[in-house]
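# Residue-level structure breakdown
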Amino acid sequence: MDAGSRAGFNVGVRAELPIANGIYGNTGLILDQKGYKMDLGGGDETRLNLLYLTLPIHAGYRHEINNDISLFGDFGPYLAFGIAGKSKDKYDGKTEKYDAFGDEGEYKRFDFGLGFRVGAEYQKKYGISCGFDWGLINVAKTESSSDYDYDYDDYNYYGGYNGGYNSSYDDDLGDLAKIKNFCFSLSLSYKF
């Protein structure tokens, strides 16, 4: 069962630090909304909205096409901290809501990954870019079982385990789920 992507938003400030001819460092603070919607069939579903404060630490290169237009790209790691998160589950006609990062929540607050951005700039003021962030760590709080090592691909959260247990892990404790954030973004920017 796969989680479907959801549209969200990002807003924040970035700072470019010139390093050499065309090369720059890029950092800032970005408020990112992430999450998913998963249709479980029969009217059952789960929705997740997570809000992160993200710190990108990128290096980039800018190439001027002419006096008005330049192209740029940057790449590097990011650090993110979850500041709010809500989950809503509908199952068998019942709805449950909970704080996704709280004591009862299923998600860790810290996220770390790699990201890149490519775009164009007009008159050194207006920009448009697209980017992608790959989460590198499991943001799910783990639950273990003394009998099975669950694989997320074989586990249906509401319906139970879909396959036989993995006998090579008889005595190990395993993770119920491995969840990583992946985010595609389209951004408009203005430089002061």
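Structure's up top.
Residues numbered from 1 in each chain as written. Predicted model: local features only at pLDDT ≥ 70, side-chain atom pairs only at ≥ 80, totals over all residues. Heavy atoms only, no water.

A few words on the overall build of the protein chain. Broken down by element type, the protein chain carries zero helices and eleven strands. Secondary structure of the protein chain in N-to-C order comes out as β-β-β-β-β-β-β-β-β-β-β. For the protein chain, the proportion of contacts with a sequence separation of at least 24, taken over those separated by at least 6, is 63%. In the form shown here, the protein chain has an accessible surface area of approximately 11,800 Å², with 55% of it arising from carbon and sulfur atoms. (Helix = DSSP H or I, 4+ residues; strand = E, 2+ residues; numbered from the N terminus. Contact = heavy atoms within 4.5 Å. Areas by Shrake-Rupley, 256 points an atom, 1.4 Å probe, with all protein chains shown as cover.)

By the alternation rule, side chains of strand 8 (residues 126–135) split into Gly-127, Ser-129, Gly-131, Asp-133 and Gly-135, which are all buried, and Tyr-126, Ile-128, Cys-130, Phe-132 and Trp-134, of which none is buried. Summarising the sheet, strand 7 (residues 110–122) and strand 8 pair through ten bridges and their orientation is antiparallel. From the neighbouring strand, Gly-115 faces strand 8, where its bridge partner is Asp-133. Between strand 7 and strand 8, which pair antiparallel one after the other, the connecting turn spans three residues, and Gln-123 there sits at a positive phi close to 55 degrees. Bridge analysis of strand 8 against strand 11 (residues 182–190) gives nine bridges, and the strand direction is antiparallel. Note on strand 11: the bridge partner recorded for Phe-132 is Phe-184. (Buried < 20%, exposed > 50% of the residue type's maximum accessible area, 1.4 Å probe, protein only. Pairing = 2+ DSSP bridges.)

All chains considered together, the criterion is met by nine salt bridges. Its salt-bridge partner being Arg-62, residue Glu-16 comes within 2.5 Å of it at the nearest N-O pair. With Glu-16 in strand 2 (residues 10–20) and Arg-62 in strand 4 (residues 44–64), the pair connects residues that are 46 residues apart, well separated along the chain. Here Arg-47 makes a salt bridge to Glu-45, at a shortest N to O gap of 3.0 Å. The structure contains a network of salt bridges with shared partners spanning Glu-16, Arg-62, Glu-121 and Lys-191. (Salt bridge = Lys/Arg side-chain N within 4 Å of Asp/Glu carboxyl O.)

The residue Glu-45 is located in strand 4 in this model. On the basis of relative accessibility, which here comes to 14%, the residue Glu-45 falls in the buried class. A distance of 3.0 Å separates the side chain of Glu-45 from the side chain of Arg-47, its partner in a polar contact. Not counting the four nearest positions on each side in its chain, Glu-45 is found in contact with Lys-37, Met-38, Asp-39, Leu-40, Lys-88, Asp-89 and Lys-90. (Polar contact = N/O pair within 3.5 Å; in protein donor to acceptor, adjacent residues only side chain to side chain.)

Excluding glycine, most residues fall at negative phi; most peptide bonds, likewise, are trans. Even without being glycine, Gln-123 reaches a positive phi, approximately 55 degrees. With respect to the element layout, Gln-123 can be found in the loop between strand 7 and strand 8. Overall, Gln-123 belongs to the partly exposed group, its relative accessible area being 38%. Within the chain, Lys-124 stands out as a residue other than glycine whose phi angle is a positive 55 degrees. Within the secondary structure, Lys-124 sits in the loop between strand 7 and strand 8.

Shape descriptors only; they carry no functional weight alone.
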